[in-house]
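Spelled out, the chains give:
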Amino acid sequence: MTMTARIVRAWPRLLATVISMAVLAVGISGLANVSQAVADTVHSPIVGSGSTWSANALQTWIRNVWANYQWKITYSESGSTIGRTDFANGTADFGVSEIPYAIANSNEQDSRPNRKYAYMPIVAGGTAFMYNLVIGGKKVSNLRLSGETVAKIFTGVISRWDDPAIKADNPSLALPSIPIVPVVRSDGSGATAQVSIWLRQMYPKYWDAYCGKVGRAPVNGHCGVTSNYPTVAGSGFVSRSGSNGVAGYVAQSHSVGAITFVEYSYALNAGFPVAKLLNAAGYYTEPTAQNVAVALLKAKINENENSADYLTQNLASVYTDSDKRSYPLSSYSYIILPTALEDGFTNDKGVTLADFGAYFLCEGQQSAEVLGYSPLPINLVKAGQKQIQKIPGGNPAIKGIAGCNNPTFSSDGSNKLAKTAPYPPECDKQGATQCATGTGGAKESTAQSGSGTDAASQSGTAVGADGTAGAATGAGVGGITSGQQVSGTPQSIPQARLTTTAYASMAAAGALLLGFSVAPPLLRTRGRHTWFRRDGWRKRR
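Residues numbered from 1 in each chain as written. Predicted model: local features only at pLDDT ≥ 70, side-chain atom pairs only at ≥ 80, totals over all residues. Heavy atoms only, no water.

Draft legend 1. Representation of helix H13 (residues 378–387). For H13, the tally of buried residues reaches seven of 10 residues, placing the bulk of the element in the interior. Along H13, the residues classified as buried are Ile378, Leu380, Val381, Ala383, Gly384, Gln385 and Gln387. Packed against the buried residues of H13 are strand S4 (117–131), strand S13 (300–301), strand S15 (330–338) and helix H12 (347–362). (Buried < 20%, exposed > 50% of the residue type's maximum accessible area, 1.4 Å probe, protein only. Helix = DSSP H or I, 4+ residues; strand = E, 2+ residues; numbered from the N terminus. Contact = heavy atoms within 4.5 Å.)

Draft legend 2. Local environment of the sheet that holds strand S8 (residues 181–185). Reading across from one edge, S2-S1-S3-S15-S4-S10-S8-S9 is the order of the eight strands in this open sheet, with mixed pairing throughout. Each edge of the open sheet carries a strand with a single partner, namely strand S2 (73–77) and strand S9 (238–240). Shown here is a sheet whose adjacent strand axes are inclined to one another by a mean of 25°, direction ignored. Strands in contact with helix H2 (residues 55–69) are S2, strand S3 (94–97) and S4; relative to S2, the strand with the most contacts, it is inclined by about 165°. (Pairing = 2+ DSSP bridges. Axes fitted to C-alpha atoms, helices over the stretch in contact; angles between N-to-C directions.)

Draft legend 3. Representation of the state of the cysteines in the model. Tallied over the full model, the rule gives three disulfides. Covalently, Cys427 is tied to Cys435 through a disulfide, its sulfur atoms 1.7 Å apart. The sign of the S-S torsion, about 90°, decides the handedness of the disulfide formed by Cys427 and Cys435: right-handed. Shown here for the protein chain is a disulfide pattern of 1-2, 3-4, 5-6, where each number marks a bonded cysteine counted in sequence order. (Disulfide = S-S within 2.5 Å.)

Draft legend 4. Molecular detail of the side chain of Asp169. As for its placement among the helices and strands, Asp169 is situated in helix H5 (residues 164–169). Polar contacts involving the side chain of Asp169 include one to the side chain of Tyr284, which spans 2.8 Å. When residues no more than four places from it in sequence are discounted, the contact partners of Asp169 are Arg144, Leu145, Ser146, Thr149 and Tyr284. (Polar contact = N/O pair within 3.5 Å; in protein donor to acceptor, adjacent residues only side chain to side chain.)

Draft legend 5. Quick look at the pattern of salt bridges. Scanning the entire structure with this criterion turns up 10 salt bridges. Between Asp309 and Arg112 there is a salt bridge, with its nearest N and O atoms 2.9 Å apart. Of this pair, Asp309 sits in the loop between S13 and strand S14 (313–314) while Arg112 sits in the loop between S3 and S4, placing them 197 residues apart in sequence. Of the charged contacts, one joins Arg325 and Asp323 as a salt bridge, the two residues approaching to 2.9 Å between their closest N and O atoms. For Arg325, a relative accessible area of 9% corresponds to the buried category. (Salt bridge = Lys/Arg side-chain N within 4 Å of Asp/Glu carboxyl O.)

Draft legend 6. Examining the sheet that holds strand S7 (residues 144–145) more closely. The three strands are arranged S7-S11-S12 in an open sheet whose pairing can be described as mixed. Of all strands in the sheet, those with a lone pairing partner are S7 and strand S12 (284–285), marking the two edges. Pairing analysis gives two bridges linking S7 to strand S11 (residues 276–278), with the strands arranged parallel. In the strand pairing of S11, Leu145 is matched with Leu277.

Draft legend 7. Main features of the pairing of S2. Where strand S1 (residues 46–50) meets S2, five bridges bridge the pair, whose relative direction is parallel. Bridge pairing links Val47 to Thr74 in S2. For the segment spanning S1, H2 and S2, crossover handedness is right-handed. (Right-handed = clockwise from strand over helix to strand, strands pointing away.)

Draft legend 8. Highlighting the pairing of S15. Of all nine residues in S15, nine are buried; the element is thus mostly enclosed. Going residue by residue along S15, you find Ser330, Tyr332, Tyr334, Ile336 and Pro338 tucked away on one face and Ser331, Ser333, Ile335 and Leu337 tucked away on the opposite face as well. Here S3 runs beside S15; their pairing, made up of three bridges, is antiparallel. Bridge pairing in S15 links Gly95 to Ile336.

Draft legend 9. Spotlight on the confidence of the model for the protein chain. Mean pLDDT over the protein chain stands at 84; residues scoring 70 or higher make up 75%. Low pLDDT, under 50, characterises residues 530–534; the predicted model gives this stretch six contacts beyond four residues in sequence or across chains. (pLDDT = per-residue confidence, 0-100.)

Draft legend 10. Broad picture of the environment of Pro179. Examined against the element boundaries, Pro179 turns out to sit in the loop between H5 and S8. Assessed through its relative accessible area of 46%, Pro179 is described here as partly exposed.

Draft legend 11. Seen up close, the nonpolar core. Counting residues in hydrophobic clusters, the biggest one holds 112 residues, and the most contacted among them are Phe129 and Leu143. If you tally residues by element for this core, the top one is S4, at 10 residues. Sequence-distant contacts of Phe129, defined by excluding residues within four places in its chain, comprise Val150, Phe154, Trp198, Ile259, Thr260, Phe261, Pro273, Val274, Ala275, Leu277, Tyr327 and Leu329. Among the nonpolar cores identified, the runner-up in size contains six residues, and Ala289, Ala293, Val294 and Leu417 belong to it. (Core = buried A, V, L, I, M, F, W, Y, C linked by side-chain atoms within 4.5 Å.)

Draft legend 12. Quick look at the packing of aromatic side chains. Counting across every chain of the model gives 17 aromatic pairs. Centre to centre, the rings of Phe129 and Trp198 are 6.3 Å apart; their planes meet at 40°, and the pair counts as tilted. Taken together, the positions of Phe129 in strand S4 and Trp198 in helix H6 (residues 190–202) put the pair 69 residues apart, joining distant regions of the chain. Each member of the pair, Phe129 as well as Trp198, is classed as buried. Taken together, the ring pairs in this structure connect Phe129, Phe154, Trp198, Tyr203, Trp207, Tyr210, Tyr229, Phe237 and Phe261 into an aromatic cluster. Sitting over the face of the ring of Trp66, Lys72 holds its NZ or CZ atom 5.7 Å from the ring centroid. Just above the ring of Phe87 sits the side chain of Arg115; from NZ or CZ to the centre is 4.0 Å. (Phe/Tyr/Trp six-rings, centres within 6.5 Å; stacked < 30°, edge-to-face > 60°. Lys NZ or Arg CZ within 6 Å of the ring centre and 35° of its normal.)

Shown next, in the form of structure tokens:
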């Protein structure tokens, strides 16, 4: 056999040998690096509890870091009140709430914990009024409500859908004479606290009278802020636990006439509309990411780093914002971070919590809009990056603003979402006209007919006073359409790290492949030598 023929015959084996050695080297090197990393840092499992308002975002981020980094985080959607309590008692490594401890003008005892802590914003969003209303067999998807009308609904002043106040907000709807079923939270809720703060400040007349009905004493002259919504026996109010509980009740086919307050994300997931809320500029708006971003430009953030309430929010100016795009009930949710090694919190837990915070302040915010929230503005991300460095044991990779890739950031540091937010059409202005477009999770193809499936009944329309239906147009937030469940996958997820098992498998595969490529020639050589010895060094053919 010629030399050329031998080379041609041997090259596949040589190639296999080279590849196997490369795979083996990568596997061994990776094992060494992973072992060193494990020796240096340990991401211990952590447990948190609290807000259901922000849970859709939080649970998405938790799934993402588990899939990409194998950081084990367990979060219980128990409501903000329990979240604050669990953190204070040391039964949770972190809590999540829409309001801080010891909030002013509250009817409830919610004292600050002995445990050392700090607040950090998680995500922004709008508390929406999700509803189930049918006219002429078709679901209404373009309801409008003023703040005063909402206040009357949730204090029992208005009890039927054809009330003159609702008619004034909706000149194009032939509203049915059916009962309104207000659905409120039965558990301690940050959303309830947000709504009660808004009612106390903007509509004290109705809120004070309601407190008199439920036997609550005034606080500093007015009905107090509460996380537990009071109800009057026999009033027709329905109470359910958790955001999923109230949204799920409203979404049932037999719940026509029901309305609740819940984070916008839940209406998107359920494929249900939300009421456009009248703002101070005289326009009805919904809590899109852009409208929330505009509204929160007016939020006053506690910037005193020595304050126990550092980074918490005062929303008084948000409620009265005169920008046409502003959504009045916009706010932030907060994570409560431990700042000391106490109540079972360890340095290894700190590694996990700090890295998780660094993740959701940047990568996590990229998915906020598609999930029904609004990403944090630049000032709160900067402050948040400082806050996570207070976590004991943590050593987070702070990307800084340049590497954060948050969708709100502009090169000049201003809020890009607020700058580019579209202005509402004139049909959203308070008056005799009314837009026919759908809202929330019912922006398109959401109307259902109780007696048929004609084209009009499937067009996402609301029936007008003249019996005609206006077509629903406009894309859903983040491309969400009716009935589509939000996947919760960020627009950009960091590359997953290979685990010890993966590197070990790689090394084993390389060794096995090397064995198969090297063993046959060795065996043939051994056999050839034996044959030569037995037969006297004859040339083998």
